[in-house]
Each structure stands twice: as C-alpha cells, then as structure tokens.
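# Observations on chain architecture
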Amino acid sequence: MKILKKALRLLLTVTGLFLLWQILIRVARKKFHFPAPAFIGRFLDSDLRRKFQPADQIIRRSGIKPGMTVLEIGCGSGAYTTAIAKAVGNQGKVYALDIQPDMLLLLQQKLALPENIKITNVELVNRSAYDLPFANDSIDLVYMITVLQEIPDKQRTLKEVKRVLKPGGLLAVSEWLVDPDYPLPTTTAMDGQKAGLKLHRLEGSLWTYTIVFRKD
C-alpha cells in the first residue's frame, strides 16, 4: 500500500510539473514566435517523438504517394524527411525547407549516414516559408508537422503554399498536443480555409491529428 501511495504521489508530481511547464511555455509562445532552436534538433528527430507521431501514420494521413513531388516546410533536423523520401520513391522528390542553416546541417549529416546513403531524392532548401522558390502549380503535396503555428504570418505562408501547389494538390498539417504551439483542429481548419484552401479531411484525435486541405 505504501509503494502504491508513493507511486501515485510521484505520478501526480510529474503530471503537475508537466502541466506547469506546458502553461508557462504556451504563455511565452503567445508573446514570442520563433522557430524551434537548432540545439533541440536531436530531440525533435528521436524515436520517442516518432512513437507518438509515427512516420507511417503521417504518410498515410497526409496522402503521400509514390512518385509525388513533395515540399516539407520546417523540416528541422529531418525527423520525418527520410521516411517521406522512401515513401515517394526514386520517381518522387522531396524538397526539405527550413529557415535555419543549422537545422539543415543536422539533416545533411543524417542523410550522410550509411543507412540513408541510398536516399538521393532529397534537396535541402534554406529559405523562408514566405518566399517559396518554386514555380506556380509545381508541387503535388506540401506538409508541415508541428510547424504552422510557429510562423508569425501564417496567412502569408499559406498563400505561398497555395501558389506552388498544383490544381488538386494537397496541404497536410499535422499537430501534436505536447507541442507548445498546439492549436485546436478548428483553428487549423480556419487558417487553411481563410487562405482559400478547401478542407479535404481530418484524421486523428485531439492528441495528434492531421488536417488535409486541397487546392481546387
């Protein structure tokens, strides 16, 4: 009984600290918008994160298929980039875009690992999401994973996404409750629709979800 009480007390303490941290970080993020710093890139690209947001789940929910030309906005250190590259295959292409050179350096190092040496369909792009270096109607699918809410001017980015998407192209936005910038699905849906994208489908739960928009 004493062991059970200690375990329960520990659980309540950890839960309380976690909730306190979430409140503090979310309040801070409301005032200060900035991309995730490069020094946490190793954590972002971790098996623990992918346990809660599995790569195969992201791929299925987003609608990523072999042969697609795909743009990842806010690729960071590449937590999902290699899995997406394998999913689109040799006939497909992945543009991994991030505003931070240090994040792209981490991804470059990951691509150089022996297990990834055969991945040749990824191109790193150091650019702002406000100014995508792609032609109109040129991308099959754009995806963002816990990124959209980090961007100060979301509408500017979403309108750029709409510009580069092919007619019928898809934008997939995935979110995870633990992320300090987490928005409710209704918020994400409104952001995309405000930019002129059509709500296509919603998959998942409040814990982790993906909303897919379509460019008509």
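Above this text you will find the structure in question.
What counts, and where the lines are drawn
- Residues numbered from 1 in each chain as written.
- Predicted model: local features only at pLDDT ≥ 70, side-chain atom pairs only at ≥ 80, totals over all residues.
- Heavy atoms only, no water.
- Phe/Tyr/Trp six-rings, centres within 6.5 Å; stacked < 30°, edge-to-face > 60°.
- Helix = DSSP H or I, 4+ residues; strand = E, 2+ residues; numbered from the N terminus.
- Buried < 20%, exposed > 50% of the residue type's maximum accessible area, 1.4 Å probe, protein only.
- Pairing = 2+ DSSP bridges.
- Axes fitted to C-alpha atoms, helices over the stretch in contact; angles between N-to-C directions.
- Contact = heavy atoms within 4.5 Å.

## What about the packing of aromatic side chains?
- For the coordinates displayed, the defined rule picks out five aromatic pairs.
- For the ring pair Trp 176 and Trp 207, a centre distance of 6.2 Å and an interplane angle of 85 degrees mean the geometry is edge-to-face. Of this pair, Trp 176 sits in strand β5 (residues 165-176) while Trp 207 sits in the loop between β6 (198-204) and β7 (208-214), placing them 31 residues apart in sequence.
- Taken together, the ring pairs connect Phe 52, Trp 176 and Trp 207 into an aromatic cluster.

## Examining unusual backbone geometry
- Of note, the phi angle at Asp 137 is positive, near 55 degrees, even though the residue is not glycine.
- With respect to the helices and strands, Asp 137 occurs in the loop between β3 (122-126) and β4 (139-145).
- Note on Asp 137: relative accessible area 40%, which makes it partly exposed.
- Residue Thr 146 is not a glycine yet carries a positive backbone phi of 50 degrees.
- With respect to the helices and strands, Thr 146 occurs in the loop between β4 and α7 (154-164).
- Judged by relative accessible area, which is 10%, Thr 146 ranks as buried.

## Overview of the sheet that holds strand β1 (residues 69-73)
- With mixed pairing, seven strands are arranged side by side in an open sheet as β3-β2-β1-β4-β5-β7-β6. Each end of this open sheet is capped by a strand with a single partner; those strands are β3 and β6. The sheet shows a mean angle of 20 degrees between the axes of neighbouring strands, taken without regard to direction.
- As judged from the six bridges shared by β4 and β5, these two strands associate in the parallel manner. By the bridge assignment for β5, Ile 145 is matched with Ser 174.
- Seen against the sheet, α7 touches β1, β4 and β5 and runs at an angle of roughly 140 degrees to β5.
- Sheet contacts for helix α8 (residues 185-194): β5, β6 and β7; angle to β7, the most-contacted strand, approximately 15 degrees.

So far we have only geometry, and geometry alone does not tell us how the molecule works.
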